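Here is what each chain is made of, one letter per residue.
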Amino acid sequence: MSAEQVILLLGRRDHPTDGVADYCEKLREFGAARGLSFESVQVRWAEKGWRAALAELRKAASAWRDRWVFLQYTTLAWSRRGFPLRAPSVLDVLRQCGARPGVVLHDFAPQTGSGIVAAAREVCQLHVLRQLYARSDLAIFTISMKNISWLPMRREKAVFIPVGPNCPESSPSARIADQDMPTIAVYGVTGGSQTLPEVADIAFVLKQVISSGHALRLLVFGRGSREAEPALRSALAGANVEIEAYGVVSPGQVPQILARADVLLFVRGHISSRRGSAIAGIACGLPVVCYSGPDTDWPITEAGILAVPMGDRQALAGALENVLSDASLRSALSGRSRHAHETYFSWAAITARFAAEIG
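Worth saying up front: this structure is predicted, and the values here are computed from it rather than measured.

Parameters at a glance
Residues numbered from 1 in each chain as written. Predicted model: local features only at pLDDT ≥ 70, side-chain atom pairs only at ≥ 80, totals over all residues. Heavy atoms only, no water. Axes fitted to C-alpha atoms, helices over the stretch in contact; angles between N-to-C directions. Helix = DSSP H or I, 4+ residues; strand = E, 2+ residues; numbered from the N terminus. Parallel < 35°, antiparallel > 145°, perpendicular 65-115°, else oblique. Contact = heavy atoms within 4.5 Å. Nonpolar A, V, L, I, M, F, W, Y, C, P; charged D, E, K, R; others polar. Phe/Tyr/Trp six-rings, centres within 6.5 Å; stacked < 30°, edge-to-face > 60°. Buried < 20%, exposed > 50% of the residue type's maximum accessible area, 1.4 Å probe, protein only. Core = buried A, V, L, I, M, F, W, Y, C linked by side-chain atoms within 4.5 Å. Salt bridge = Lys/Arg side-chain N within 4 Å of Asp/Glu carboxyl O.

Undergrad: Give me the lowdown on the packing of helix α10 (residues 313-325) against helix α11 (residues 327-345), citing residues and values where you can.
TA: Contact pair α10 / α11: the axes reach a minimum separation of 5 Å and the direction vectors enclose 100°. One element, α10, and the other, α11, form an angle in the roughly perpendicular class. In contact with N322, V323, L324 and S325 of α10, α11 contributes A327, L329, R330 and L333. A per-class count over the contact of α10 with α11 returns 5 nonpolar, 2 polar and 1 charged.

Undergrad: Pulling in residues and values, what's your account of the packing of aromatic side chains?
TA: Counted under the stated rule, the structure contains 12 aromatic pairs. Relative to F354, the ring of F38 has its centre 5.7 Å away and its plane inclined at 85°; by these criteria the two rings are edge-to-face. With a gap of 316 residues between them, F38 in strand β2 (residues 36-42) and F354 in helix α12 (residues 347-358) connect regions that are remote in the sequence. Summarising the aromatic geometry, the rings of W298 and Y344 are spaced 5.2 Å apart at their centres and angled 75° between planes, so their arrangement reads as edge-to-face. Placement of W298 in the loop between β11 (288-292) and β12 (305-309) and of Y344 in helix α11 is noted, with a sequence separation of 46 residues between them. On the accessibility criterion, W298 (41% relative accessible area) is partly exposed.

Undergrad: I'd like a rundown of the nonpolar core, residues and numbers included.
TA: One finds F70, L258 and F354 to be the most contacted residues of the largest nonpolar core, which totals 48 residues. Ranked by the residues each element gives to this core, the list is headed by α12, at 5 residues. Not counting the four nearest positions on each side in its chain, F354 is found in contact with Y23, L27, L36, F38, V104, I140 and I161. Formed by 41 residues, the second largest nonpolar core is a distinct cluster that contains A46, A61, W78 and W150.

Undergrad: Which residues make up the pattern of salt bridges, and what values do they have?
TA: If you walk through the whole model with that rule in mind, you get 17 salt bridges. The partner of R223 in a salt bridge is D14, with the nearest N and O atoms 3.0 Å apart. Highlighted residues: R223 in the loop between β8 (216-221) and α7 (225-235) and D14 in the loop between β1 (4-10) and α1 (19-31), separated in sequence by 209 residues. Residue R223 is classed as partly exposed on the basis of its relative accessible area, which comes to 30%. We classify D14 as partly exposed; its relative accessible area is 39%. Between E229 and R233 there is a salt bridge, and its shortest N-O distance comes to 2.9 Å. Of the two residues, E229 and R233 both sit in helix α7, 4 residues apart, roughly one turn of that helix. Residue classification places E229 among the buried residues on the basis of a relative accessible area of 16%. On the accessibility criterion, R233 (39% relative accessible area) is partly exposed. Each of R217, E242, E244 and R260 takes part in salt bridges that share partners, so that together they form one network.

This is a description of form; function is not addressed.
What follows is the structure, encoded as structure tokens:
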């Protein structure tokens, strides 16, 4: 019996890494075991213009009758300046061609800001989100939907499926034991205006832990880490911290680096089930010390996380100190992470959810 073909529509690629493209590739890799054949197709509106891109899509979609086609939505994948007004027309083309239009909402809320342009952008993005939902047959969210205020009361076609790790899945035996000093991993720095606040959080927490008598190793890698390295070294100058900065690494290197760590420190906003870098740590069986927020909800709370209120650096330092100083706590949190990964965040579990929803 041949696999059911599912099309995944991508907009403009992100650089230097593209988490949505990685997400689609993982679905393709693991889908076959569930009878699903995922194929990624890019809508090249940024290179060709919207008129030509939609014409090209219409031609391709003529062969997709009765197939599921999921638009992968992030704001900037479908707009240069954050006004993605043409994105809903993609779903119209799919429906006109007899395909079954769906959407995966990797961005699920409008961006907020100050000023007239920011206010207009927020109104536009909220309108687009509502239109994407209205014009789809199935809308997949990567967080729990209870905090999404713009959804209608009737939500029969809204489904929650978390993302999985953006790296190969490793076994607990891959962990490297007997480190000569406690090792903390930081996977990714947001960049831009968020670089210095995140660096300040990392430096404050590590200095607090060092004051308790620890010497530490910091492994920082992933998007934004190379740009943040000078600020990190400056903020931690004179502290008993050995810093290893790797920059952007291949997916295969991620579990190798995390295997050297005792804990993942996550300060890129609050943790949630859409944070692939945090889930990579969970997949590798690490405890995660992090901030909590509105989207810190089941099933991420089933993993081995110690979450403190957003912005409370002192509490974050205390949580990290507890994990590093208590081997039994560290072991228990690691076990929770491995179980949560297998049950909720493994790509086998995620593709099973897809199969159940579209079967």
